[in-house]
Amino acid sequence: MSSRLPQGGRLIDRSTRMAFTFNGTPMTGFRGDTLASALLANGQRLMGRSFKYHRPRGVVTSGAEEPNALVNLGRGDRLEPNQRATTTPLFDGLTARSQNHWPSLEYDIGEVNVALSRFLPAGFYYKTFIHPRVAWKHVFEPFIRQSAGLGKAPKKPDPDRYEHFYAHVDVVIAGAGMAGLQAALVAGRAGLNVLLCEQEGHAGGRLPVDGGMADADGWIEGTVAALAAMPNVTMRLNTQVSGVYDHGYVLAYERIADDAPGSDAPRHRLWRIRARHVIAATGALERPLSFAGNDKPGVMLASALRDYIVNYGVSAGDRTVIVTNNDDAYRTALAIKAAGLDVPCIVDARPEVTGDLPARARAAGIEVKTGMGIAEVRGRKGVTGVRLCRQAGSGVPVEEVACDAVAMSGGWSPVVHLWSHCGGKLTWDDAGAFFRPDHARPPTNQDGAGFVTCLGAADGALVTQDALSNADAMARQVVGALGVKPAAADLPETDSVAEAPLMPVWVMPHGAGPKKRAKMWLDFQNDVKVSDVQLAAQEGFESVEHTKRYTTLGMATDQGKLSNINGLAILAEARGAAIPDVGTTTFRPPYTPISMGAIAGEARGEIFQPLRRTPIHDWHAGRGAYWEPVGYWRRPYCFPQEDESHADAVAREIDATRNGVGLLDASTLGKIIVKGPDAGRFMDMLYTNMMSSLKPGRCRYGLMCNENGFLMDDGVVARLNDDTFLVHTTTGGADHVHAHMEDWLQCEWWDWQVFTANVTEAWAQIAVVGPKARTVLEKLGTGIDLSAEGLPFMAWAEGRIGGFDARVFRISFSGELSFEVAVPASQGLAFWEALMEAGGEFGITPYGTEALHVMRAEKGFIMIGDETDGTVIPQDLGLDWAISKKKDDYLGKRAHERSHMTDPERWKLVGLETVDGSVLPDGSYAIAEGENANGQRNTQGRVTSTYYSPTLGKGIAMGLVLNGPDRMGEVLTFNTTEVPERGGPPKTIEAQIVSPVFYDPEGEKQNV
Amino acid sequence: MLIFTCPYCGIAAEETELTPGGEAHLKRYGPGSSDDDFEEYLFLRPNAKGVHFERWRHSHGCGKWFLAARDTATLEVFGTYSAQTTEPPAEIVTAIRAKRPDWSPA
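Residues numbered from 1 in each chain as written. Chains lettered and ligands numbered in written order. Predicted model: local features only at pLDDT ≥ 70, side-chain atom pairs only at ≥ 80, totals over all residues. Heavy atoms only, no water.

Draft legend 1. Broad picture of the overall build of chain A. Counting secondary structure elements, chain A contains 26 helices and 49 strands. Based on the C-alpha atoms only, the size of chain A along its principal axes is roughly 115 × 75 × 55 Å. Expressed as a percentage of its 1008 residues, the buried residues of chain A come to 58%. Sequence-distant contacts, at least 24 apart, represent 65% of the contacts inside chain A between residues at least 6 apart. (Helix = DSSP H or I, 4+ residues; strand = E, 2+ residues; numbered from the N terminus. Buried < 20%, exposed > 50% of the residue type's maximum accessible area, 1.4 Å probe, protein only. Contact = heavy atoms within 4.5 Å.)

Okay, here's the thing in structure tokens:
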């Protein structure tokens, strides 16, 4: 049974108690506890269930690598799943629930015992859930979804605040353990700009726990103070360097208010750092040993066990058996003894054990059993004893030792993640049996130079003195490479102990049979065992990346921090290959999961993205506009009055416009000036039709294709004077059309004398539309002759209207008499209000984008994005009249000659009218006889736009249809998404092919 | 996240300030060109692993297009230069040769 020790615990404050609950049970801990240490202190060793077999699991580590102790933290809108108890600081009022069990943590119906688990081998899903195909959707997937999944997703929006910080530094150091602190001293004293990040809430790392320096706490405190006094050094605790990216971009994840829910502070902060160099002083992680029953609650890493004793004054058990293949685990035995608890024996796989640490253990009266291993762990929900065997044999038990905890150590692996994120290569270290950075092949930056350095234990220097010298020397190299001469060396004294070499042990005992191997866990969270990796190898999975995905080894939330090397070793052995030849899987950022809130930062709600407003935006809002997002703009979709439905509002707006006068805020339309001696020549290349022949004072509708020949934008071009054109683009197209122009001007025709300027926001543009449009403008008073002769269709003029400086374009997208009037943006709202006032007696009505769309469809005008989708050419849309035959070249001309573009079978634009007058469903396909090669029904056309036309009192649509223009009057059958009657055929709808111009085909209304 | 120094405004610009524009130094084939030439111009890219010349626009900066020589595997940048060239300038070729002695322009 785990418990709180009567004294000790360098990180806790026994004078401040914290109340919390676990699965509803009230418990208390101390300030400075983690949730894991507090649970252990309360005797709660069972903390969760595994993913696949729902086996009972206790905490196995004391840090970020924890695979088992994951909890649902908080409740309501602050519920967060999969939080590691080992890195969750305890606070007063914390609530935690264990995961992945039903009905309770103690009694789980889903628990699969070992006998049954042999029916769930590696690759189980791939093997089992293949046939029949329909069963996947209705049987397998619902079943898997029900039983799988860790934690619960919160259902409410996150109430907390998050933010991003930006930093530009010379050196970012990950880890403020002994090596990181020494590196920070070297870099700081050299005058470099240093950011030192430590993922834990305290500096010093393992040094105070592991010993090696007489006054470790004193040195740590002194060093932190020295760094704090340097203005060029910043140190952040609770901040993990989580990812290293190209060219020295680094992300760090700072947890600020996890232990103070509801405080004013941002909860998390994401640091977006540019560093000239990254130092990874990330230490090493201890590896488990693979013996039967190594996943039972009470079996822990040896280092974690002494962390809990030294840092938190918590013991994992009263009688702890140590099992090891190295000297380091003896430190745990000594720590347990020092705490006044029992170590019945140390089980060391090495046949011969000498050296300083074992000698100290023996002197403390602890029996060391050499050449031995664990045959089996006794107990179901917790350890009750171990059976020991010879490591060299097959596992016949030679004795049983009663105990309630097991501390295991399989050696240590340097944390090389940050080295590997950008492609740094690793080399296998035979002596330590681990991968460490290959200094000859670092990740490289924009200059081709290495920009990440691992030092201390992260570089494979595991003994205190070695780690310190390594850190100092490597940091000096970094400083030198950044062009600064490091200051004189200043290394603290150590009293580090020499350690005897470890003996690699990948399976315990060495000759264990299949039954034992099926009880040896590699990946605790995902339930991957030694037998699974061996099976994968047998089935031909040679690549480590394939084996990982097939077995799910290392794919859990801990990303294989514990299981990686052990799994590789098993795979290598099964393949008869050396470990370095098998290689590792790829380390990818982030090092541990970071919150979605931190990634989003401030970009949420109203500032998720910028909002562009026209000068008349607030007027629309005041009139209850229903908004439609168009790019970054908001445009009124319609202006519903009181209880009016949107459909009724649109019908009213159209009716008022067609019979009186309507107003549209067209300010969002792109307006680009193209100016210069070669402007005409350039315009001829941009548009499919001839623009250089356009006369000043006139307008022309034009089509713009990309070099692939596909229609990308359309709009009206006005020639302002001899060398200046005003290009109108679609609302969404302004920026990319402008970029398109600049691309060709800068990169292809750079000797042409043309300037472009995007003046979209310099003007407010208002369409005054309808039979009364001219009357309203004339009532305002203008010197411009607006008569049919003075300003004919497709002409424009400049002058004053109602005291406003205005350009009037006689263009129409509705088929009505229409004037688009542009005034300086600053006068936009005043002009709009003047029009509303002048038009009052004629029932002037503002209309929105939906009325605009319906009216253009009634006239058969295409809309970019509806009739076009990046695969449509102007010829498909019957727009051949807008393609110049005279020009030698324009963008897209050569592409239009390609065989697929001239194929007579291309679908072409037609109008569609349902036989019953209803509205065709958007996106429907016209079905044809037979099926294609994939067994899908053949099609012969599709609907591109479809509306109810209040003007005509029926549904109208446009679509692209095979040989459409030649099939006028023919009736086609379209599919729908309506649910058919039980057993009945799919619902379809019939529509006749008609001209796409539904309204006023002669154009009499717009030419008055 | 890559960093390129814009040769026009001199700013060491981060990728988020830039818009990529694909391979540089393409020769445009217009009307009258053969199907093969046009296909090559429009679609066929060697997608080199190693030295690559490419187009970038400092779109959230000075707005200028520029060209860059970069190693697509190691992300090393050999230099940036004007978009108004039909082939890499001599100093860029020299800079690449200094780092990649085996490389020669296609």
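Draft legend 2. How the structure looks around the sheet that holds strand β34 (residues 670-675) of chain A. All names here are of chain A. Ordered by their spatial adjacency, five strands build an open sheet running β35-β36-β37-β34-β38, and the pairing between neighbours is antiparallel. Every interior strand has two partners, whereas the edge strands, β35 (699-705) and β38 (755-758), have only one. Here the average twist between neighbouring strands, direction ignored, is 30°. Relative to strand β36 (residues 711-721), β35 runs antiparallel, the two being bridged by seven bridges. Pairing of C699 across the sheet is with A718, part of β36. Strands β34, β35, β36, β37 (724-729) and β38 of the sheet are contacted by helix α22 (residues 734-747), whose axis makes an angle of about 165° with β38. (Pairing = 2+ DSSP bridges. Axes fitted to C-alpha atoms, helices over the stretch in contact; angles between N-to-C directions.)

Draft legend 3. Main features of the nonpolar core. All names here are of chain A. Within the largest apolar cluster, 76 residues are counted, with the highest numbers of intra-cluster contacts made by L35 and F291. Here this core spans two domains, since at least three of its residues come from each of domain 2 (288-407) and domain 3 (514-577). Judged by nonpolar contacts, the second largest core, of 48 residues, contains A167, V528, L568 and I570. (Core = buried A, V, L, I, M, F, W, Y, C linked by side-chain atoms within 4.5 Å. Domains from an automatic or database assignment.)

Draft legend 4. Representation of the sheet that holds strand β16 (residues 299-301) of chain A. Residue and element names in this part refer to chain A. One open sheet accounts for five strands, arranged β16-β24-β18-β19-β20; its pairing is parallel. Taken across any chain shown, the strands that pair with only one partner, and hence form the sheet edges, are β16 and β20 (368-370). Taken pair by pair, the neighbouring strands of this sheet meet at an average axis angle of 20°, ignoring direction. Across three bridges, strand β18 (residues 320-324) lies against strand β19 (residues 346-348) in parallel orientation. Bridge assignment links V323 to a residue of β19, and that residue is V347. Taken strand by strand, helix α9 (residues 329-338) contacts β18, β19, β20 and β24 (405-409), and its axis lies near 165° from that of β18.

Draft legend 5. How the structure looks around the packing of helix α5 (residues 178-189) of chain A against helix α7 (residues 216-228) of chain A. Residues and elements named next belong to chain A. At their nearest, the axes of α5 and α7 sit 10 Å apart, and the two run at 35° to each other. As α5 packs across α7, the resulting crossing turns out to be left-handed. On α7, the residues that touch M178, L181, Q182, A184 and L185 of α5 are W219, I220, T223, V224, A226 and L227. Here the contact of α5 with α7 is composed, by residue class, of nine nonpolar, two polar and no charged. (Left-handed = near helix turned anticlockwise from the far one by under 90°. Nonpolar A, V, L, I, M, F, W, Y, C, P; charged D, E, K, R; others polar.)

Draft legend 6. Region of the structure containing a negative patch on the surface. Residue and element names in this part refer to chain B. A cluster of like negative charges, contributed by D36, D37, E39 and E40, occupies part of the molecular surface. Tracing the backbone shows D37 in helix α1 (residues 35-42). What makes D37 partly exposed here is its relative accessible area of 32%. (Patch = residues over 30% accessible without salt bridge, like charges linked within 9 Å, V, L, I, M, F, W, Y side chains within 5 Å. Areas by Shrake-Rupley, 256 points an atom, 1.4 Å probe, with all protein chains shown as cover. Salt bridge = Lys/Arg side-chain N within 4 Å of Asp/Glu carboxyl O. Lys, Arg positive; Asp, Glu negative; His and termini not counted. Charge placed at Lys NZ, Arg CZ, Asp CG, Glu CD.)

Draft legend 7. Geometry of the interface of chain B and chain A. Every contact between the two is made by 30 residues of chain B and, on the other side, 32 residues of chain A. At the boundary of chain B with chain A, total buried surface from both sides reaches about 2,500 Å², with 49% on carbon and sulfur atoms. Its largest share of buried area at the contact with chain A, chain B owes to M1(B), R28(B) and P31(B), together 26% of the area lost on that side. Put simply, chain B and chain A have five salt bridges between them. (Buried area = accessible area lost by both parts, 1.4 Å probe.)

Draft legend 8. View of unusual backbone geometry. Residues and elements named next belong to chain A. Between M508 and the following residue, P509, the backbone shows a cis peptide bond with an omega angle of -5°. If you trace the backbone, P509 turns up in the loop between α12 (464-481) and α13 (514-517). Put simply, P589 and P590 share a cis peptide bond, and its omega is 0°. Within the secondary structure layout, P590 lies in the loop between α17 (579-582) and α18 (596-600). The backbone phi angle of N238 is positive, close to 55°, even though this residue is not glycine. Secondary-structure assignment places N238 in the loop between β11 (233-236) and β12 (239-245).

Draft legend 9. Structural view of the side chain of S945(A). Residues and elements named next belong to chain A. One can find S945 in strand β46 (residues 937-949). Looking at S945, its side chain comes within polar contact range of the side chain of E867, at 2.5 Å. Not counting residues within four places of it along the chain, the set of residues in contact with S945 comprises R856, D866, E867, I956, A957 and M958. (Polar contact = N/O pair within 3.5 Å; in protein donor to acceptor, adjacent residues only side chain to side chain.)

Draft legend 10. Focus on the packing of α9(A) against helix α10 (residues 356-363) of chain A. Residue and element names in this part refer to chain A. Two elements in contact, α9 and α10, have axes whose closest approach is 9 Å; the angle formed by their N-to-C orientations is 25°. Between α9 and α10, the angle is such that the two are roughly parallel. The interaxial crossing formed by α9 with α10 has left-handed handedness. Listed contacts from α10 to Y330, R331 and L334 of α9 are L357, P358, R360 and A361. Grouping the amino acids of the contact of α9 with α10 by side-chain chemistry returns five nonpolar, no polar and two charged. (Parallel < 35°, antiparallel > 145°, perpendicular 65-115°, else oblique.)

Draft legend 11. Quick look at the domain arrangement of chain A. Per the domain assignment, the segments of chain A are domain 1 (162-284 + 414-481), domain 2 (288-407), domain 3 (514-577), domain 4 (670-761) and domain 5 (903-1008). Between domain 1 of chain A and domain 4 of chain A, the C-alpha centre-to-centre distance is 53 Å.

Draft legend 12. Representation of the environment of L535(A) within the structure. Residue and element names in this part refer to chain A. Tracing the chain through its elements places L535 in helix α14 (residues 530-538). Expressed as a C-alpha distance, the spacing of L535 and G860, which sit 325 residues apart in the sequence, is 65 Å. If we ignore the near neighbours within four places in the chain, the residues touching L535 are P121, A122 and K127.

Draft legend 13. Up close: the pattern of salt bridges. All names here are of chain A. Enumeration over the complete set of coordinates arrives at 62 salt bridges over all chains. With its nearest N and O atoms 2.5 Å apart, the salt bridge here joins D33 to R4. With D33 in the loop between β3 (25-31) and α1 (35-41) and R4 in strand β1 (residues 3-4), this residue pair connects regions lying 29 residues apart in the sequence. You can call D33 buried: its relative accessible area is 2%. Taken together, the shared-partner salt bridges in this structure form one network comprising R206, D210, R306, D307, D328, R331 and E499.

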